[in-house]
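Close look at the chain arrangement
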Amino acid sequence: MFISLSSLILLPIWINMAQIQQGGPDEKEKTTALKDLLSRIDLDELMKKDEPPLDFPDTLEGFEYAFNEKGQLRHIKTGEPFVFNYREDLHRWNQKRYEALGEIITKYVYELLEKDCNLKKISIPEGYGVIVLNPNENYIEVEKPKTHVQSSSDSSDEPAEKRERKDKVSKETKKRRDFYEKYRNPQREKEMMQLYIRENGSPEEHAIYVWDHFIAQSAAENVFFVAHSYGGLAFVELMIQREADVKSKVTAVALTDSVHNVWHQEAGKTIREWMRENCCNWVSSSEPLDTSVESMLPDCPRVSAGTDRHELTSWKSFPSIFKFFTEASEAKTSSLKPALTRRSHRIKHEEL
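Every value quoted in this text rests on a predicted model; they were computed, and no experiment measured them.

Within this structure, the stated rule accounts for 15 aromatic pairs. Geometrically, the ring pair formed by Phe 82 and Tyr 98 is tilted, given 6.0 Å between the ring centres and 45 degrees between the ring planes. Note that Phe 82 is positioned in the loop between β2 (73–75) and α4 (91–115) and Tyr 98 in helix α4, a separation of 16 residues in sequence. Judged by relative accessible area, which is 25%, Phe 82 ranks as partly exposed. Where Phe 322 meets Phe 325, the ring centres are 6.3 Å apart and the plane angle is 85 degrees; that geometry is what we call edge-to-face. Linking Phe 322 with Phe 325, this pair stays in helix α10 (residues 313–333), spanning three residues, or about one helical turn.

See below:
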C-alpha cells in the first residue's frame, strides 16, 4: 500500500481531532483503526522516499571542490566552504555525501604526506627509518548488536494471547521511538558501540606497544622522539614503564608544548635527571625561537617555540629540533655529555 508523505502528516491530525471530540464508540474505533494503519507504515522506507541515489563522485573535482593555496577546502565555482546541508530535508543523503567526500580527502592527505613531505607509506612491520605513532586512535566504532529484552509480560500465569499483544505493542513503541530519535539526530543512523583496540586502548598503552613491538626490536642505535602535547605525557609514562630500555636506546627527546607532569605521573628521580640531560621542551610563547622559558617543574629545559599557538609549536621549532638532534648525536659519538652541547646552544641564543 503506497502512502504519500502528505498523508503521513495528516494522519496524526485526524487522530488528535478524534481524541478531542466528545464522541462515543465510533470515534474510538476510528482512532484505533488509524493507529493500526500507522503501525504498518515502514518509516525507514518512507524516509528514503524521493531520496536521490547514494552514488557520489570519487574525486574532489567530481564534488566540485578543491584546496586553495592556504590549504582550505573551497567550492570551485562559488569559492564557498563546504556545505553539509547540500539538499534540504535530506539528512541521510547529506550525511552519506559528507562521508564520501571525507574518504577522498583522507586519500588526498596521504598523497600530500608522500609527495610534499617525502614520507613513504609502508605497512607494518619494519622497513622504515621514521615511525609516526597514532596514539589518538584507541578504538573503533561498530554497530551495537541488537539484544532482545525480555518483557515483564513473559509471565507463565498470563494467557499466551495477552503476552503476544503486549509484545506487539512494545515492539511498535520501540519502532516509533527509534524513528523519532533518528529524525531528531539524522547523523546517527545506528546505535554504535566502542571496541577498544587490544593493548592500545589509550595513548600511553599505544606508545608502550609500539616501543615493545617495533622500536625496541629495531637495529637503530640512535632513536629520537618528537612528542607533541599529550604525546609528552605518553613518553614520560613510557619511561616509567621501560626506563632502562629507553635510556639505552634513546639519544634525545624533543617535546613541543608537552602537557606532561613529572609530579602527577610520579616519575622517579633517575627519570627526572635523565630528562634534564636529554630532553628539551619547545613551549608556546611570544618570545623568539629558543629563548629560555622559566619552568616550575624539575625535569627538562623549556625554550620558546617562536609561536604562542599550541598547534604550531612543532612546525615552528623544527629547525631547532633537528639541530638539537644533530648536536646530541655528535656528542654521543664523541663521548661528550649532550647537556653541555645544548647549554652552549642556548647561551648563544641568549647572547644574541
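Back to the text.
Here the focus is the nonpolar core. Formed by 23 residues in total, the largest nonpolar core has its most connected members in Phe 225, Phe 235, Val 246, Val 250, Val 253, Trp 274 and Met 275. Looking at this core, the elements that each hand over two or more residues are α6 (203–215), β5 (223–228), α7 (230–241), β6 (250–256) and α9 (269–278). By residue number, the principal contributor to this core is α6, which donates five residues. With near-sequence residues (within four places) excluded, Phe 225 lies in contact with Trp 211, Ile 215, Phe 235, Leu 238, Val 250, Ala 252, Val 253, Ala 254 and Phe 325.

A few words on the side chain of Asn 138. For Asn 138, the position within the fold is in the loop between α4 and β3 (139–143). From its side chain, Asn 138 meets the backbone oxygen of Asn 200 in a polar contact 3.2 Å long.

Once that is clear, we can look at the pairing of β6. Counting buried residues along β6, seven of its seven residues qualify, which places the element largely inside the surrounding structure. Bridging between β5 and β6 involves six bridges; their strand directions are parallel. Within β6, the residue paired with Phe 225 across the bridge is Val 253. Of the strand pairs in this sheet, β6 and strand β7 (residues 279–283) are connected by four bridges, and their pairing is parallel. Paired with Ala 254 across the strands is Cys 280, a residue of β7.

The strand order across the open sheet formed by four strands is β5-β6-β7-β8, and the pairing between neighbours is parallel. Edge positions in the open sheet fall to β5 and β8 (302–304), since each of these has one partner strand only. Geometrically, the sheet is characterised by an average inter-axis angle of 20 degrees between neighbouring strands, direction not taken into account. In the packing of α7 onto the sheet, contacts are made with β5, β6 and β7, and the angle to β5 comes to roughly 135 degrees.

Detail in the predicted coordinates should be disregarded across regions flagged by low pLDDT. The predicted model of the chain has a mean per-residue pLDDT of 78, with 72% of residues at 70 or higher. In this model residues 338–352 is a low-confidence stretch, pLDDT under 50, and it forms 21 contacts with partners more than four residues away in sequence or in other chains.

Here the focus is α10. Here α10 is 21 residues long and its end C-alpha atoms lie 29 Å apart, about the 30 Å a rise of 1.5 Å per residue gives. Helix geometry: α10 is bent most strongly at Pro 319, by close to 50 degrees. All buried positions along α10 are accounted for by Thr 313, Ser 314, Ser 317, Ser 320, Ile 321, Phe 324, Phe 325, Glu 327, Ala 328, Ser 329 and Ala 331.

Residues spaced three or four apart along an α-helix face the same direction, because each turn holds 3.6 residues. Looking only at α9, the buried set comprises Ile 271, Arg 272, Trp 274, Met 275 and Asn 278. Take α9 and look down its axis: the buried residues cluster within an arc of 160 degrees, on one side only.

Position of Asn 200 relative to the elements: it lies in the loop between β4 (192–196) and α6. Beyond its immediate stretch of four places on either side in the chain, Asn 200 contacts Glu 137, Asn 138, Glu 205, His 206 and Tyr 209.

Here the focus is the pattern of salt bridges. According to the stated counting rule, one finds four salt bridges in the structure shown. Asp 212 is paired through a salt bridge with Arg 242; the nearest N and O atoms lie 2.8 Å apart. Of this pair, Asp 212 sits in helix α6 while Arg 242 is found in the loop between α7 and α8 (243–249), placing the two residues 30 residues apart along the sequence. Owing to a relative accessible area of 26%, Asp 212 belongs among the partly exposed residues under this scheme.

It is worth spelling out a nonpolar patch on the surface at this point. Judged by side-chain polarity, Val 109, Tyr 110, Leu 113, Leu 119, Val 130 and Val 132 come together as a nonpolar surface patch covering roughly 530 Å² of accessible area. Within the element layout of this structure, Val 132 appears in the loop between α4 and β3.

Between α7 and α9, the least distance of the axes is 10 Å, while the angle of their chain directions is 130 degrees. With respect to their mutual orientation, α7 and α9 come out oblique. Regarding α7 and α9, the two cross each other, and that crossing is right-handed. Residue-level contacts link Phe 235, Val 236, Met 239 and Ile 240 of α7 to Ile 271, Trp 274 and Met 275 of α9. Looking at side-chain class alone, the contact of α7 with α9 contains seven nonpolar, no polar and no charged residues.

Thresholds applied
- Residues numbered from 1 in each chain as written.
- Predicted model: local features only at pLDDT ≥ 70, side-chain atom pairs only at ≥ 80, totals over all residues.
- Heavy atoms only, no water.
- Phe/Tyr/Trp six-rings, centres within 6.5 Å; stacked < 30°, edge-to-face > 60°.
- Helix = DSSP H or I, 4+ residues; strand = E, 2+ residues; numbered from the N terminus.
- Buried < 20%, exposed > 50% of the residue type's maximum accessible area, 1.4 Å probe, protein only.
- Core = buried A, V, L, I, M, F, W, Y, C linked by side-chain atoms within 4.5 Å.
- Contact = heavy atoms within 4.5 Å.
- Polar contact = N/O pair within 3.5 Å; in protein donor to acceptor, adjacent residues only side chain to side chain.
- Pairing = 2+ DSSP bridges.
- Axes fitted to C-alpha atoms, helices over the stretch in contact; angles between N-to-C directions.
- pLDDT = per-residue confidence, 0-100.
- Expected span 1.5 Å × (residues − 1).
- Bend = angle between axes of the 7 residues up to and from the residue.
- Arc of directions from axis to C-beta.
- Salt bridge = Lys/Arg side-chain N within 4 Å of Asp/Glu carboxyl O.
- Patch = residues over 30% accessible without salt bridge, like charges linked within 9 Å, V, L, I, M, F, W, Y side chains within 5 Å.
- Areas by Shrake-Rupley, 256 points an atom, 1.4 Å probe, with all protein chains shown as cover.
- Parallel < 35°, antiparallel > 145°, perpendicular 65-115°, else oblique.
- Left-handed = near helix turned anticlockwise from the far one by under 90°.
- Nonpolar A, V, L, I, M, F, W, Y, C, P; charged D, E, K, R; others polar.

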